[in-house]
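Commentary on secondary and tertiary structure
Letter by letter, the chains look like this.
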Amino acid sequence: MIFAGIDPGKTGSYAFIEDDKVEVFDFTDDWYLMYQEFEKRKPALTVLEKAFPMRKQGIVSMFTYGGNFGSWQTLLSIGKHPFTLVHPKTWQAKILRDLNKGDKLVAVNFCNRMYPHLNLKKSHDGRADAICMARYG
């Protein structure tokens, strides 16, 4: 069974997990290409991080985040792919448990332990979040 996770942020990514195999992709400007990845894999469930305004975040970045969030909802709905919206604190509590959830590196470090071949860096926090959400699914 395949599960997908989507971090709709500015440096967002999406990931697919099937058993112990993980694939992670960065967003592109080609929404049709990203749609095809979902059509090819047909995940049983996609976990999409729930968009909400955050303090100290600029208007432009929130506009981008909200636009990506809405575009992903549309893409998944058009393809009839089952999805659920999950608040970041919800998936973090389940996947990262007692780790320091306020630090962006927590998810990166977690994913590097689970999937060392990915060799994620701090700048890959969107990839790590997408992987964690797929695991949450």
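Scroll up for the structure.
Report on the accompanying structure. Sequence order sets the numbering: in each chain, residues are counted from 1 along the sequence as written. It should be noted that, the model being predicted, local features are given only for residues of pLDDT at least 70 and side-chain atom pairs only at 80 or more, the latter also being counted only at that level, while totals for whole chains, interfaces and linings use all residues. Side-chain numbers here rest on the full set of heavy atoms in the structure, without hydrogens or water.

**Considerations on the sheet that holds strand E4 (residues 45-49)**
In sheet architecture, strand pairing relies on hydrogen bonds along the backbone and comes in two forms, parallel and antiparallel. Only when DSSP finds a minimum of two bridges between them are two strands counted as paired. Secondary structure counts use DSSP, requiring at least four H or I residues in a row for a helix and at least two E residues in a row for a strand, with both numbered from the N terminus. Strand order in this open sheet of five strands is E3-E2-E1-E4-E5, and the pairing throughout is mixed. The sheet is open, and its two borders are formed by strand E3 (21-26) and strand E5 (83-86), each paired with just one other strand. Neighbour-to-neighbour, the strand axes of the sheet open up by a mean angle of 20°, direction not taken into account. Examined bridge by bridge, strand E2 (residues 13-18) and E3 share six bridges and lie antiparallel to one another. Across the sheet, residue Tyr14 finds its bridge partner in E3, namely Phe25. Geometry is summarised by axes, namely lines fitted to C-alpha atoms with helices restricted to the contacting stretch, and by angles between N-to-C directions that run from 0 to 180 degrees.

**Quick look at the environment of Ile95**
Position of Ile95 among the secondary structure elements: in helix H3 (residues 88-95). Think of it in three bands: residues with accessible area under 20% of the maximum for their type are buried, residues over 50% are exposed, and the middle band is partly exposed, with areas taken using a 1.4 Å probe on protein chains only. Note on Ile95: relative accessible area 11%, which makes it buried. C-alpha of Ile95 to C-alpha of Cys132: the two residues are 37 residues apart in sequence and 6.6 Å apart in space. Whether two residues touch is decided by their heavy atoms; if any such pair falls within 4.5 Å, the residues are in contact. Those residues in contact with Ile95, other than ones at most four positions away along the chain, are Phe110, Cys132, Arg135 and Tyr136.

**What about the packing of aromatic side chains?**
Ring pairs shown here join Phe, Tyr and Trp side chains whose ring centres sit within 6.5 Å, with only the six-membered ring taken for Trp; geometry is labelled stacked below 30 degrees between planes, edge-to-face above 60, and tilted in between. All chains considered together, the criterion is met by twelve aromatic pairs. Ring plane angle 65° and centroid distance 5.2 Å describe the contact between Trp31 and Trp72, whose orientation is recorded as edge-to-face. Of this pair, Trp31 sits in helix H1 (residues 31-41) while Trp72 sits in helix H2 (residues 59-78), placing them 41 residues apart in sequence. Owing to a relative accessible area of 28%, Trp31 belongs among the partly exposed residues under this scheme. Both a distance and an angle decide whether a charge sits over a ring: NZ of Lys or CZ of Arg must be within 6 Å of the ring centre and within 35 degrees of the ring normal. In this arrangement the basic side chain of Arg41 is found over the ring face of Phe16, its NZ or CZ atom lying 4.6 Å from the centre.

**Regarding helix H4 (residues 105-114)**
Looking only at H4, the buried set comprises Val106, Ala107, Val108, Phe110 and Cys111. For H4, the elements touching its buried residues are H3 and helix H5 (125-136).

**Regarding the side chain of Asn68**
With respect to the element layout, Asn68 can be found in helix H2. Any pair of N or O atoms that falls within 3.5 Å is considered a polar contact. Within protein, one atom must be able to donate a hydrogen and the other to accept it, and sequence-neighbouring residues count only if both atoms are side-chain atoms. Among the polar contacts made by the side chain of Asn68, one reaches the main-chain carbonyl oxygen of Gly9 at a distance of 3.5 Å. Setting aside its immediate chain neighbours within four residues, Asn68 contacts Pro8, Gly9, Phe27 and Trp31.

Bear in mind that shape data such as this cannot, by itself, settle questions of function.
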